[in-house]
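Below are the chains, spelled out letter by letter.
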Amino acid sequence: MPRLSEVIAALDTLWPPERAEGWDAVGTVCGEPDQEITRVLFAVDPVREIVDEAVKLGANLLVTHHPLYLRGTTTVAADTFKGRVVHTLIKNDIALHVAHTNADRADPGVSDALAGALDLRVVRPLVPDPTDPEGRRGLGRVCELDHPLTVRELAARAAARLPATAQGIRVAGDPEAVVRTVAVSGGSGDGLFDDVRAAGVDAFLTADLRHHPASEARAHSPLALLDAAHWATEWPWCELAAAQLDEISDRKGWGLRVHVSKTVTDPWTAHAASTETPNAMGAPN
């Protein structure tokens, strides 16, 4: 069985920590370097439900996309929810490792997994990494469809292919407009509108689109916007990452058992559709 330090070294070849954004908090949060690793669980969020799942599964390593502590802290007291996560991990000999924006920038990375889930052909990064001479790494992806779809059909494909959430897929733009090219970005993407416009695509699928950036983007061009749940756009990466570690394990003869959590940790739990169609009654009083 490999030691934690060996597995982390392999993960760092996939997602080098130095490629993370300066504000990010990636790498190993807890875990003994000499601990033997037999079972690994991948998930998006390092929350209590996922940690409990790792305990039940008998995992010794939890790999998440989102950091546990993105900002500094002065306590890991067990009466705080993040402190309780740390205590549970340590008491059960479970290491926690985070690959966040370094996994976003990777080749393949988070947006490649999102494109793959939607059967989109990746053409290039949306925001290329200037340190990559091959031009394959970077944030987001510019993609082509195998055949043209309407915005409505593309949204239906996304709703069917991505994990189900209360939000589903929100759409801005003409539902019957034809889409041939799509930019995708797993996670929050409304900081990328300048790059999306420069790419000249027909649609942009991402998450966490806010009112003003979305409104301004629609005013600039007929670009269609598809807004999915943050968790749903990043979950496909867990399957990709698990497959990558499986391949490394097979090659090195480690015999790791690698799992992907299917626990939905999107914070939104219900959706009530409006009873009137948009613009039917004008603004409320």
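The present account deals with the structure reproduced in this document.

**Some thoughts on the side chain of H65**
Following the sequence through the fold, H65 ends up in the loop between β3 (61-64) and α3 (81-91). Separated by 3.3 Å, the side chains of H65 and E234 make a polar contact. Ignoring anything within four residues of it in the chain, the contact list for H65 reads A43, V44, V98, A99, H100, A103, D104, V110, E234 and W237.

**Quick notes on the sheet that holds strand β11 (residues 257-260)**
One open sheet accounts for five strands, arranged β1-β4-β3-β2-β11; its pairing is mixed. Edge positions in the sheet fall to β1 (27-30) and β11, since each has one partner strand and no second. Put simply, the sheet's adjacent strands are angled 25° from each other on average, direction ignored. In this sheet, β3 lies alongside strand β2 (residues 39-43) in parallel orientation, the contact comprising four bridges. Looking at β3, one finds that F42 is bridged to V63. Against the sheet, helix α2 (residues 48-57) touches β2, β3 and β11, its axis set at about 160° to β2.

**Overview of the nonpolar core**
Ranked by internal contacts, the top residues of the largest apolar core, which has 51 residues, are W15, F42, L61, V182 and W237. If you tally residues by element for this core, the top one is helix α9 (residues 230-252), at nine residues. Those residues in contact with V182, other than ones at most four positions away along the chain, are L120, R141, V142, C143, L145, L154, V201, A203 and L205. In terms of nonpolar packing, the next biggest core, distinct from the first, is built from 15 residues, C30, A43, I50 and A54 among them.

Analysis parameters
- Residues numbered from 1 in each chain as written.
- Predicted model: local features only at pLDDT ≥ 70, side-chain atom pairs only at ≥ 80, totals over all residues.
- Heavy atoms only, no water.
- Helix = DSSP H or I, 4+ residues; strand = E, 2+ residues; numbered from the N terminus.
- Polar contact = N/O pair within 3.5 Å; in protein donor to acceptor, adjacent residues only side chain to side chain.
- Contact = heavy atoms within 4.5 Å.
- Pairing = 2+ DSSP bridges.
- Axes fitted to C-alpha atoms, helices over the stretch in contact; angles between N-to-C directions.
- Core = buried A, V, L, I, M, F, W, Y, C linked by side-chain atoms within 4.5 Å.
- Buried < 20%, exposed > 50% of the residue type's maximum accessible area, 1.4 Å probe, protein only.

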